[in-house]
Amino acid sequence: MNIIWLLLTVALGLGLIYIFSARRYQSSDSVATAYDQWTQDGILEFYWGEHIHLGHYGSPPHAKDFRVAKVDFVHEMVRWGGLDRLAAGITVLDVGCGIGGSSRILARDYGFRVTGITISPEQVKRAQELTPPEIPAQFQQDDAMNLSFPDASFDVVWCIEAGPHMPDKAIFAKELLRVLKPGGILVVADWNQRDARKQPLVLWESWVMRQLLDQWAHPEFASIEGFAELLQATILTEGAVITADWTQETLPSWLDSIWQGIIRPQGLVGFGLPGFIKSLREVPTLLLMRLAFGVGLCRFGMFRAVRCEQILSSSSSFRNKESPSTSPAN
């Protein structure tokens, strides 16, 4: 009986530490700091590989290697967005590029000229280290809420799972479209919340969402419907914004990410006690993510939009053209 009480006490203590040591969003600096730390210690790269995003397990989903599924996700997103029909040499902006996994695939396998941006200087450094000189991909630090590029800089804007870190989704939507050339394609993949306008969250759902926000420096999740409306509201899209729900295709990723720690325990040993504690601390969030996506509280949204032929001056109302800008590589 004493052992049971001891285990319960330890579990309660760990739960309180988990809740009260959350990495709450405070500013873009808090996001940068979180990713800097994950990149410096190498734990995330060891378990998730070069792609800090979910994998695609097919339709219907089937068993697949965790890191292979991530590579497959990139190719599936290319096909879904119609980018496989574009000519080599087009310019692509990878917003929230992480350590450059998707950027390298887009450049190496499709011949695109890619500029990857991230808020984390450590991710920029690591992306540069991992990218051979013959691959036409470059990386720089930038803020997706205030991109340093001029209007109409890129043929394609690509973004995977960066949206939850953005405090103002309307500004984020405008910036993504602003830097697209007329006729250019925007393709976004993101974690989304159920549309609470149609089905409000009950008490336990609100608690789960609070943890998903606070533990990983997320200010807010948009709904699929809500973010599509924000893209449309920019008046910079040609026709309708196309959306899709890839929740089932990506759902196995959450438990697979935990399984990596079981089948590859050398990582836990190699990173020492601090690394072990840090890795163990992420398990509750991963389980809550699996719960939220499994019951429909969260959804994995896909978005495709085409930049209209509207004259560029139309975007001046939301972008200061006098701000410093950096041109993408030629």
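Quick caveat, the model's predicted, so the values are computed rather than measured.

J.: Describe the overall build of the chain, with residues and values.
T.: For the chain, the count of helices and strands is 14 helices and seven strands. Burial statistics for the chain: of 330 residues in total, 51% are counted as buried. Looking at the chain alone, contacts between residues at least 24 apart form 78% of all its contacts between residues at least 6 apart.

J.: Account for the packing of helix α8 (residues 203–215) against helix α14 (residues 283–295), with residues named and values stated.
T.: Interaxial distance between α8 and α14 falls to 10 Å at its minimum, and their mutual angle equals 130°. By the angle between their directions, the pair α8 and α14 is classed as oblique. Read as a crossing pair, α8 and α14 show a hand that is left-handed. Within the contact between the two elements, α8 uses Trp 204, Trp 207, Val 208, Gln 211, Leu 212 and Gln 215 and α14 uses Thr 285, Leu 288, Met 289, Leu 291, Ala 292 and Val 295. Looking at side-chain class alone, the contact of α8 with α14 contains nine nonpolar, three polar and no charged residues.

J.: I'd love a proper account of the nonpolar core, names of residues and values included.
T.: Counting residues in hydrophobic clusters, the biggest one holds 54 residues, and the most contacted among them are Trp 158, Trp 191, Trp 254 and Phe 300. Counting residues per element, this core draws most heavily on helix α4 (residues 66–81), at six residues. Counting residues in hydrophobic clusters, the runner-up holds 29 residues, among them Leu 147, Phe 172, Val 179 and Leu 180.

J.: Break down the pairing of strand β2 (residues 113–118) for me, citing the residues and quoting the values.
T.: The element β2 is extensively covered by neighbouring structure, given that five of its six residues are classed as buried. Strand direction decides the pairing type here: strand β1 (residues 91–95) and β2, joined by five bridges, are parallel. Residue pairing for β2: Leu 93 is matched across the bridge by Thr 115. In the classification by handedness, the crossover that spans β1, the intervening helix α5 (residues 101–110) and the parallel β2 is right-handed.

J.: Account for the packing of aromatic side chains, naming residues and giving values.
T.: This structure, assessed with the given rule, holds 14 aromatic pairs. Seen in terms of ring centroids, Phe 46 and Phe 271 are 5.9 Å apart; in terms of plane orientation they differ by 80°. Their pairing is edge-to-face. Of the two residues, Phe 46 sits in helix α3 (residues 43–48) while Phe 271 sits in the loop between α12 (266–270) and α13 (272–281), which places them 225 residues apart along the sequence. The exposure class of Phe 271 is partly exposed, given its relative accessible area of 28%. Seen in terms of ring centroids, Phe 73 and Trp 246 are 5.5 Å apart; in terms of plane orientation they differ by 80°. Their pairing is edge-to-face.

J.: Quick rundown of the packing of helix α7 (residues 169–178) against helix α9 (residues 224–233)? Include the residues and the values.
T.: One can describe the packing of α7 onto α9 by two numbers: an axis separation of 9 Å at closest approach and a directional angle of 55°. Relative to α9, the element α7 is oriented oblique. Crossing of α7 over α9 shows right-handed handedness. The segment α7 lies against α9, with Lys 169, Ala 170, Phe 172, Ala 173, Leu 176 and Leu 177 engaging Phe 227, Leu 230 and Leu 231. Class assignment for the residues of the contact of α7 with α9 results in eight nonpolar, no polar and one charged.

J.: Describe the environment of Ile 258, naming the residues involved and giving the relevant values.
T.: Relative to the elements of secondary structure, Ile 258 occurs in helix α11 (residues 253–263). Taking the C-alpha atoms as reference points, Ile 258 and Leu 286, separated by 28 residues in sequence, lie 7.4 Å from one another. Setting aside anything within four residues of it in sequence, one finds Ile 258 in contact with Val 283, Leu 286 and Leu 287.

J.: Now, about the sheet that holds strand β5 (residues 180–193): what can you tell me, with residues and values included?
T.: Reading across the sheet, the seven strands line up as β3-β2-β1-β4-β5-β7-β6 and stay open at both edges, with mixed pairing between neighbours. Every interior strand has two partners, whereas the edge strands, β3 (137–141) and β6 (242–245), have only one. Ignoring strand direction, the axes of neighbouring strands in this sheet form an average angle of 15°. By the bridge criterion, four bridges tie β1 to strand β4 (residues 154–160) in an arrangement that is parallel. Bridge pairing links Val 95 to Cys 159 in β4. Sheet contacts for α9: β5, β6 and β7 (298–306); angle to β7, the most-contacted strand, approximately 20°.

J.: Explain the side chain of Asp 190 to me, and be specific about the residues and the numbers.
T.: Tracing the chain through its elements places Asp 190 in strand β5. No salt bridge forms around the buried Asp 190; measuring N to O, its nearest opposite-charge neighbour Lys 169 is 6.8 Å away. Only 3.2 Å separates the side chain of Asp 190 from the backbone nitrogen of Gly 163, close enough to count as a polar contact. Excluding residues that lie within four positions of it along the chain, Asp 190 makes contacts with Glu 161, Ala 162, Gly 163, Pro 164, Arg 299, Phe 300, Gly 301 and Phe 303.

J.: Describe the pattern of salt bridges, listing the residues and the values that go with them.
T.: Per the counting criterion, the structure on display carries 19 salt bridges. The closest approach of N and O atoms between Arg 104 and Glu 50, which form a salt bridge, is 3.0 Å. Of this pair, Arg 104 sits in helix α5 while Glu 50 sits in the loop between α3 and α4, and the two are 54 residues apart along the sequence. Given a relative accessible area of 3%, Arg 104 falls into the buried group.

About the criteria used
- Residues numbered from 1 in each chain as written.
- Predicted model: local features only at pLDDT ≥ 70, side-chain atom pairs only at ≥ 80, totals over all residues.
- Heavy atoms only, no water.
- Helix = DSSP H or I, 4+ residues; strand = E, 2+ residues; numbered from the N terminus.
- Buried < 20%, exposed > 50% of the residue type's maximum accessible area, 1.4 Å probe, protein only.
- Contact = heavy atoms within 4.5 Å.
- Axes fitted to C-alpha atoms, helices over the stretch in contact; angles between N-to-C directions.
- Parallel < 35°, antiparallel > 145°, perpendicular 65-115°, else oblique.
- Left-handed = near helix turned anticlockwise from the far one by under 90°.
- Nonpolar A, V, L, I, M, F, W, Y, C, P; charged D, E, K, R; others polar.
- Core = buried A, V, L, I, M, F, W, Y, C linked by side-chain atoms within 4.5 Å.
- Pairing = 2+ DSSP bridges.
- Right-handed = clockwise from strand over helix to strand, strands pointing away.
- Phe/Tyr/Trp six-rings, centres within 6.5 Å; stacked < 30°, edge-to-face > 60°.
- Lys, Arg positive; Asp, Glu negative; His and termini not counted.
- Salt bridge = Lys/Arg side-chain N within 4 Å of Asp/Glu carboxyl O.
- Polar contact = N/O pair within 3.5 Å; in protein donor to acceptor, adjacent residues only side chain to side chain.

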